[in-house]
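Given next are the chains, with one letter for each unit.
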Amino acid sequence: MSDVKDILTDAEHRMSQSLDAVKRELSHLRAGRASTGLVEHIKVEAYGTEMPLNQLATISTPDATTILISPYDKSMVNAIDKAINLSDLGLMPQSDGSLVRLNVPPLTEERRQELLKVARKYGEDGRVALRNVRRDTNDQVKKLEKSKELSEDEMHHYLEQVDKILEKILADLEKHLEAKEREIVEF
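Chemist: Looking at this model, I keep getting lost on the side chain of Ser 18. Mind explaining?
Modeler: Positionally, Ser 18 belongs in helix α1 (residues 2–27). Those residues in contact with Ser 18 that lie beyond four places of it in its chain are Ala 129 and Leu 130.

Written out as structure tokens, the structure reads:
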């Protein structure tokens, strides 16, 4: 029995990780207003290696259309500027020697539609990953039943539990996806 409990715990953990990955991807999508999530993952060439921007600077949003980046080491301003220019954000950094400002312009209707498609693709990729975890878990439970470690009734009970876990996490994914779609459309 502990084998099955371990299998279910592992499935829930893997599903949660898939959900977290989708949330992270969605947070990187630009939705018309400034968000630190847009830039914190950008890799900056610093001290001979590539580091995420959030480890090199304080990132804030003083208002809805501005991202303010304040490097811990002022000599990193040019490297941060360069990394933002090389990123696929399409934002032009403005630096004054100690700070980097990014003005986030309002989205055009065409760009909103593109971002909605990207968000929906992330959502669908997440659903596929969750279903793959369910399939793998169901296969493990069915193997236990075949090897006579579980009765058929127990197997069906555990398969239902896997489906309940999946439904709960899918509902959470849908909630986050809807929120992001609303954010893209409204701002």
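Chemist: It is not clear to me how the pattern of salt bridges should be interpreted in this structure. Could you clarify?
Modeler: Pairing is possible between side chains of opposite charge, provided their charged atoms come close. Within this structure, the stated rule accounts for 13 salt bridges. Across the salt bridge formed by Arg 14 and Asp 136, the nearest N and O atoms sit 3.1 Å from each other. Separated by 122 residues along the polypeptide, Arg 14 in helix α1 and Asp 136 in helix α3 (residues 109–146) bring together distant segments of the chain. Classification of Arg 14 as partly exposed rests on a relative accessible area of 25%. Close ionic contact of Arg 111 with Glu 114 constitutes a salt bridge, the shortest N to O distance being 3.1 Å. A residue pair is termed a helical-turn pair when its members lie 3 or 4 positions apart in one helix, as Arg 111 and Glu 114 do in helix α3 at three residues. A relative accessible area of 32% places Arg 111 in the partly exposed class. What makes Glu 114 partly exposed here is its relative accessible area of 37%. Here the salt bridges do not stand alone but share partners, grouping Asp 10, Arg 14, Arg 135 and Asp 136 into one network.

Chemist: Would you take a moment to explain the nonpolar core for this structure?
Modeler: Looking at soluble globular proteins, one finds that nonpolar side chains tend to be buried together. Val 39, Leu 53, Ile 67, Ile 69 and Ile 80 are the most contacted members of the largest nonpolar core, which totals 23 residues. Mapped onto this core, the elements with two or more residues apiece are β1 (43–46), β3 (57–63), β4 (66–71), α2 (77–86) and β6 (100–103). It is α2 that provides the largest number of residues to this core, a total of four residues. Beyond its immediate stretch of four places on either side in the chain, Ile 80 contacts Val 44, Leu 53, Ala 57, Ile 69, Pro 71 and Val 100.

Chemist: Help me understand the sheet that holds β3, please; the structure alone is not making it clear to me.
Modeler: Remark on secondary structure: sheet strands pair via backbone hydrogen bonds, oriented parallel or antiparallel. With antiparallel pairing, the four strands of this open sheet are ordered in space as β3-β4-β6-β5. Edge positions in the sheet fall to β3 and β5 (93–95), since each has one partner strand and no second. Each neighbouring strand pair of the sheet contributes to a mean axis angle of 25 degrees, computed without reference to strand direction. Pairing analysis gives three bridges linking β5 to β6, with the strands arranged antiparallel. In the sheet register, Ser 95 faces β6, and the bridge partner there is Val 100. The strands touched by α2 are β3, β4, β5 and β6; relative to β5, the strand with the most contacts, the crossing angle is about 170 degrees.

Thresholds applied
Residues numbered from 1 in each chain as written. Predicted model: local features only at pLDDT ≥ 70, side-chain atom pairs only at ≥ 80, totals over all residues. Heavy atoms only, no water. Helix = DSSP H or I, 4+ residues; strand = E, 2+ residues; numbered from the N terminus. Contact = heavy atoms within 4.5 Å. Salt bridge = Lys/Arg side-chain N within 4 Å of Asp/Glu carboxyl O. Buried < 20%, exposed > 50% of the residue type's maximum accessible area, 1.4 Å probe, protein only. Core = buried A, V, L, I, M, F, W, Y, C linked by side-chain atoms within 4.5 Å. Pairing = 2+ DSSP bridges. Axes fitted to C-alpha atoms, helices over the stretch in contact; angles between N-to-C directions.

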